[in-house]
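The chain contents come next:
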Amino acid sequence: MMDVRRMQVLRAVITSGSVTAAAAHLGYTPSAVSQQVAALEKETGIALLERVGRGVRPTAAGLLLTRYAAVVSEHLAEAETALADLRAGREGRLTVRYFASVGPTLLAPALARVRREHPAVAIDPRLADPDDALAEVFRGDADLAVVVRPPDDAPRHGVRVVHLLDDPYRAVLPSGHPLAAKRVLDLTDLAGEPWVGSEPPGPCLTPITDACAAAGFSPDFTATSEDYATAQGFVAAGLGISLIPRLGLSARHPGVAVRRVRHPEPVRAIHAVIRAGSLEQPVLRTLLDALRTAAGTGGTTRG
């Protein structure tokens, strides 16, 4: 591959008409300019300049290469401008991965702020499984992912984890259930009840099963759902009780009662995950700040 810098040296020689003039323009010595042109001729395998008196003139190959050098120079200037715009947050693309229950509560107001402050940046938010979302950030296919991670889960090398908030689970009961008369439930109050599963296997189900194990029982799932609206509908129909995180109860079914749970209280930890070093991008900094504001916390950084 031809050296772009040498192509620009050749262009300077041809446009100025001599090696000496090109050297003065570039801040090189005439000897250094001659060496660069000679090296380019060796790369291309063809003469690019020929002597005419005390000066030089381009060969057909030299003229051809100079035209391409001008195009390369123009594109390099455009690339430098585009990079400056990207560094300043004036253009670019922001790719975000998230899970459903944080969409309306955290992500929507955060992305609205990004759009106000960086209107030229294209935003690409997509639903993704937490494990897939983390992998996309690690590979560089996504700029930021909002995920649920266990507190003791060590982040991957090269990935930065920012805590946004802890989202406690609430007991969801049929509105006429005897336990609905209590304002706060001990988790053991639910041990003998039929359960409606609200989570698929993964990081959002683990806080439930771990808390139940700590309370000395395993939940008896008699119905399962992988979305909170359906789980609430099953509960309202009398199929059982459920535990649903607070963020998942933004749209509440009229036929259910929601109560706090303690001893222990299941909690899922919600984090933003980005690549290490990527906070130099103004758009990403804005999004992370907006997520923290929406979460009502300054967050803590790990990794």
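All values derive from a computational prediction rather than experimental measurement.

(A) Geometry of the layout of surface pockets. Computed from the structure, the largest pocket encloses a volume of approximately 470 Å³. Taken together, 25 residues form the lining of the largest pocket, with Phe99, Ala100, Glu199, Glu226 and Tyr228 sitting closest to its centre. Those elements that provide at least two residues to the lining of the largest pocket are helix 6 (130-139) and helix 8 (228-236). Here the lining of the largest pocket gets three residues from one element, more than from any other, and that element is helix 8. Class assignment for the residues of the lining of the largest pocket results in 14 nonpolar, five polar and six charged.

(B) Here's a closer look at the environment of Ala108. Looking at where Ala108 falls in the secondary structure, it is placed in helix 5 (residues 103-117). For Ala108, a relative accessible area of 41% corresponds to the partly exposed category. Along the backbone, Ala108 and Ala294 are 186 residues apart, and their C-alpha atoms lie at a distance of 9.1 Å.

(C) Here's a closer look at the pattern of salt bridges. A complete count under the given rule lists 14 salt bridges for this structure. A salt bridge links Arg57 to Glu50, with the nearest nitrogen and oxygen atoms 2.6 Å apart. The salt bridge involving Arg268 is made with Asp167; its shortest N-O contact spans 2.9 Å. With a gap of 101 residues between them, Arg268 in strand 12 (residues 267-275) and Asp167 in strand 6 (residues 159-174) connect regions that are remote in the sequence. By relative accessible area, which is 1% here, Arg268 ends up buried.

(D) Spotlight on the pairing of strand 5 (residues 144-148). Buried residues dominate strand 5, accounting for five of its five residues. Neither face of strand 5 is exposed, since Leu144, Val146 and Val148 on one face and Ala145 and Val147 on the opposite face are all buried. Where strand 3 (residues 93-98) meets strand 5, two bridges bridge the pair, whose relative direction is parallel. The residue bridging Arg97 from the neighbouring strand is Ala145, located in strand 5.

About the thresholds
Counting from 1, residues in each chain are numbered in the order their sequence is written. The predicted origin of the model limits local features to residues at a pLDDT of at least 70 and limits the giving and counting of side-chain atom pairs to 80 or more, whereas totals for whole chains, interfaces and linings rest on all residues. Hydrogen atoms and water are omitted, and side-chain values are computed over all heavy atoms in the structure. The way it works is a 1 Å grid over only the protein atoms, where trapped points that fit a 1.4 Å probe form a cavity and open points with protein on both sides within 12 Å along at least five of seven lines form a pocket, and then any residue with an atom within 4 Å of a point lines it. Grid points are joined across faces, edges and corners, and a volume is the space filled by probe spheres set on the points. Put simply, DSSP H or I for four residues or longer makes a helix, DSSP E for two residues or longer makes a strand, and each gets a number counted from the N terminus. Residue polarity is assigned by list, with Asp, Glu, Lys and Arg as charged and Ala, Val, Leu, Ile, Met, Phe, Trp, Tyr, Cys and Pro as nonpolar; anything else, Gly included, falls into the polar class. Residue burial is assigned from relative accessible area. The probe radius is 1.4 Å, only protein chains are included, and a residue is buried under 20% of its type maximum, exposed over 50%, and partly exposed in between. What counts as a salt bridge is simple: a side-chain nitrogen of Lys or Arg found within 4 Å of a carboxyl oxygen of Asp or Glu. Pairing between strands is defined by DSSP: at least two bridges between the two strands are required.

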